[in-house]
Amino acid sequence: MVAEYAAALLKEWGLDTHVEIFEPLLPYPTSRLLEMTAPVRFRAQLNEPAIPEDLNTSEAGQLPTFNAFSASGDVTAPLIYVNFGIPEDYETLRQLGLDVRGKIVIARYGRAWRGVKPKLAEENGAVGCLIYSDPREDGYFRDNVYPKGPMRPPQGVQRGSVLDMAVYPGDPLTPGWPSLSGEKRLARAEAVTLPKIPVMPISYADAKPMLDALAGPVAPDTWRGALPITYHVGPGPAVVHLKLDFDWTSKPVRDVVAVIPGAIYKDQWIMYGNHHDAWADGASDPASGASALLETARTLAEIRRQGWQPKRTVVLALWDGEEFGLMGSTEWVEKHEEELERGAAVYINSDSNGRGAFGAGGSHTLETFVREILREIPDPANGRALVEVPRGRRTAPNGDFRLSALGAGSDYVAFLDHAGIASLNFGFGGADSGVYHSNYDTLAWYQRFSDGEFIYGKALSQLTVTALLRLADAPVLPFEFNTLSRTIHRYVEEIQKSAGQVDFRDVNAQLARLSASSRGYEEELSAAMKRPMSEERLTKLNQMLAKAEGELLLPDGLPHREWYRHQIYAPGRYTGYGAKTIPAVREAVEAQRWEEANQQARRLALAVKAMADHVEEAIRLLRE
Ligand SMILES: [Zn+2]
């Protein structure tokens, strides 16, 4: 098994390694049937055939195509096309005088986290949901399909979880506590993150005859994909029969954790994680990132053999069960909450990595730190420092590198949004790919169409080694608070543009205070670093800095989803992978609940005040 293989490697390199096992609910399909019963009969193939040129696509042992956490069910109903199945599409349906009640919806992949599609279908009264990959998004409309090109072949299917992760990720039966054997569990009916209707991902080869059999209004321009058909909305006359069954059992997931103990600040953890589980071969997702993590581990082990011992403890983790809904990392954070609260300073994450531009997201207290590292690491494409060639949308108007806000894409969620640990996510990518979560994400595909020479993998490893070494050995943890203040101010301005009713005066006053104290802190720090500082004071200062991000947590969590506690970052409830910044205020504004919006703005002001107090305390400590 992959976990044992990785653990053996880490041990062989001399790292203190163990495997931690959790038992979340991991339903696998026991039967799958999709057929059109009218106006013509058609039975969907639901299978990704082998491609002769690529031996690793062989069908033997292939995981069936399914959406994890779909409900079991047996439904027959008229089909209706809902475009991407996002809120604005339901608005368009209303304008057309149509609704999805009692019907099976067919949505195309894209625009939003896939779990949003069945959630909205269910909320609007649909009895089933199909999600297909339209060639417009990642098929022949974009480029040649595999094996001729990198895009999705006709029978390619995007598997994936449809857990409602915006409420809480991880085991749906153990929200907020670890799913260890013997721990209590919710009944399945109590788990609000589980969809209640059957959901099934399909290929465009399977979707085409069903879409082609729809009548009703011709789909609006923006709803049309790239299949050679006239897109109609329906409903019907296509009638679809969807029957799905799952085993509904909990199964072990295995996190592999290696620890390099710190010489001075043993309790202070610098962490780096990447998941090791995959839907099929997973050359890109997650092996490209996981192998960079292993290379980082090997490098650290090697310099340790040469005598290095970090000041702080370095923890490296290969998470399991990420694909089902961040299982391994979430349950691990829930198990280790007290230790993490005591001393975890930074969590770094990576996931799929490939040819393309560098991207980074995370806590804005680390933006300056990341920018400095990017000066040191060359872009594999052209040898220029990464800081000079950042991805366009992640830069400030003046061209400076900026961290994006983290949403819900990968294993950092529990660290940042639940435990309040400053977090970063690094990765290269962006080259066209149509094999995501399919049987065609193989080594042969990766070598031909992504990072064939593994130069982006090497760069990711250089980057994480540099970050880990600096974070582990810095006399003072490199947090900087002025960027945070300015960034929160920018988010506040975005909200204010559409919602002048919300009173942000207190927030802005505290942000100004935070900026002023940040500058004071920087001055005090550079003066203090010129004279010797006692170990005791340094320890105190570092502990204080590690806990700063935690000031941004709401102890009782966000409204209606208390597992999420961060006031600045959270995944959107009906959007994509990107973050909804200042989520509590923004969601109240969207619902036009002004009183609640103002109340949440006051809570934000208190959090910023606590952060500013925190920084001022650090200044006092430096002055002592
Ligand atoms: Zn992944």
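Summarised in this report is the structure supplied together with it. (Residues numbered from 1 in each chain as written. Predicted model: local features only at pLDDT ≥ 70, side-chain atom pairs only at ≥ 80, totals over all residues. Heavy atoms only, no water.)

A few points about the pairing of strand S2 (residues 29-38)
For step 1, the next point in the chain: Both S2 and strand S10 (residues 239-246) contribute to a ladder of eight bridges, which runs antiparallel. Residue pairing in the sheet places Met 36 in a bridge with Val 240 of S10.
For step 2, the next point in the chain: Relative to strand S3 (residues 42-43), S2 runs antiparallel, the two being bridged by two bridges. Following the sheet pairing, Glu 35 is matched in S3 by Arg 43.
For step 3, the next point in the chain: Joining the antiparallel neighbours S2 and S3 is a turn of three residues. (Pairing = 2+ DSSP bridges. Helix = DSSP H or I, 4+ residues; strand = E, 2+ residues; numbered from the N terminus.)

What about the sheet that holds strand S13 (residues 312-319)?
For step 1, the next point in the chain: What the seven strands build is an open sheet, ordered S1-S11-S13-S12-S14-S16-S15; its pairing is mixed. Looking at strand neighbours, the two that pair on one side only are strand S1 (16-22) and strand S15 (356-362), the edges of this open sheet. Across the sheet, the mean angle from the axis of one strand to that of its neighbour is 20 degrees, orientation sign disregarded.
For step 2, the next point in the chain: Bridge count for strand S11 (residues 253-260) against S13 is five bridges, and the pairing is antiparallel. Each bridged residue has a counterpart across the sheet, and for Val 257 the counterpart in S13 is Ala 317.
For step 3, the next point in the chain: Helix H13 (residues 455-473) contacts strand S12 (265-275), S13, strand S14 (344-350), S15 and strand S16 (422-430) of the sheet and is inclined by roughly 165 degrees relative to S16. (Axes fitted to C-alpha atoms, helices over the stretch in contact; angles between N-to-C directions. Contact = heavy atoms within 4.5 Å.)

A look at the coordination of the zinc ion
Six octahedral donors around a metal ideally subtend angles of 90 or 180 degrees, whereas four tetrahedral donors ideally subtend 109.5 degrees.
For step 1, the next point in the chain: For the zinc ion, the protein coordination sphere consists of His 275 (NE2), Asp 285 (OD), Asp 351 (OD) and Asp 351 (OD), at 2.0 to 2.7 Å.
For step 2, the next point in the chain: Coordination at the zinc ion is irregular, judged from the four donor atoms that bind it and the angles of 52 to 150 degrees they form at the metal. (Donors = N, O, S within 2.8 Å, 3.2 Å for Na, K, Ca; no water. Tetrahedral: all angles 85-135°; square planar, octahedral: opposite > 155°, others 65-115°.)

Some remarks on the side chain of Arg 565
For step 1, the next point in the chain: Relative to the helices and strands, Arg 565 resides in the loop between helix H16 (535-547) and strand S17 (569-571).
For step 2, the next point in the chain: What makes Arg 565 buried here is its relative accessible area of 18%.
For step 3, the next point in the chain: A polar contact of 3.1 Å, which involves the side chain of Arg 565, links it to the side chain of Glu 337.
For step 4, the next point in the chain: A polar contact of 2.7 Å, which involves the side chain of Arg 565, links it to the backbone oxygen of His 418. (Buried < 20%, exposed > 50% of the residue type's maximum accessible area, 1.4 Å probe, protein only. Polar contact = N/O pair within 3.5 Å; in protein donor to acceptor, adjacent residues only side chain to side chain.)

Some words on helix H1 (residues 2-12)
For step 1, the next point in the chain: If you check which residues of H1 are buried, you get Ala 3, Ala 6, Ala 7, Leu 9 and Leu 10. Down the axis of H1, the buried set is contained in an arc of 160 degrees. They therefore lie on one face. Turned more than 90 degrees from where H1 packs its buried face, Tyr 5 and Glu 12 sit exposed.
For step 2, the next point in the chain: Residues of H1 that are buried make contact with S1, S11, helix H6 (283-305) and S13.
For step 3, the next point in the chain: Looking one or two residues beyond H1, the residue adopting positive phi is Gly 14, at roughly 95 degrees. (Arc of directions from axis to C-beta.)

Topic: the sheet that holds strand S5 (residues 73-81)
For step 1, the next point in the chain: Spatial ordering of the open sheet is given by S3-S2-S10-S5-S6-S7-S9, a layout of seven strands whose pairing is mixed. Taken across any chain shown, the strands that pair with only one partner, and hence form the sheet edges, are S3 and strand S9 (199-202).

Remarks on the nonpolar core
For step 1, the next point in the chain: If you look at the biggest cluster of nonpolar residues, it comprises 198 residues, and the most contacted ones within it are Leu 130, Tyr 132, Ile 202, Leu 211, Trp 332, Phe 426 and Tyr 521.
For step 2, the next point in the chain: If one sorts the elements of this core by residue count, helix H18 (residues 594-623) sits on top with 13 residues.
For step 3, the next point in the chain: Ignoring sequence-local partners within four residues, the contact set of Ile 202 consists of Leu 34, Leu 46, Ile 106, Leu 130, Ile 131, Tyr 132, Ser 133, Val 157, Ala 207 and Met 210.
For step 4, the next point in the chain: Grouped together as the second largest cluster of nonpolar side chains are eight residues, Tyr 146, Ala 283, Tyr 440 and Trp 445 included. (Core = buried A, V, L, I, M, F, W, Y, C linked by side-chain atoms within 4.5 Å.)

Concerning the pattern of salt bridges
For step 1, the next point in the chain: Under the defined criterion, the tally for this structure stands at 30 salt bridges.
For step 2, the next point in the chain: Among the ionic pairs, Glu 48 bridges to Arg 159, the shortest N-O distance being 2.8 Å. Of the two residues, Glu 48 is situated in the loop between S3 and strand S4 (67-68) and Arg 159 in the loop between helix H4 (135-138) and strand S8 (160-161); the sequence distance between them amounts to 111 residues.
For step 3, the next point in the chain: On the basis of relative accessible area, Glu 48 is assigned to the buried category, the value being 0%.
For step 4, the next point in the chain: Across the pair Arg 152 and Asp 138 runs a salt bridge whose closest N-O atoms are separated by 3.0 Å. Within this pair, whereas Arg 152 is found in the loop between H4 and S8, its partner Asp 138 is found in helix H4, the two being separated by 14 residues in sequence. (Salt bridge = Lys/Arg side-chain N within 4 Å of Asp/Glu carboxyl O.)

The values reported here are purely geometric and, on their own, carry no functional implication.
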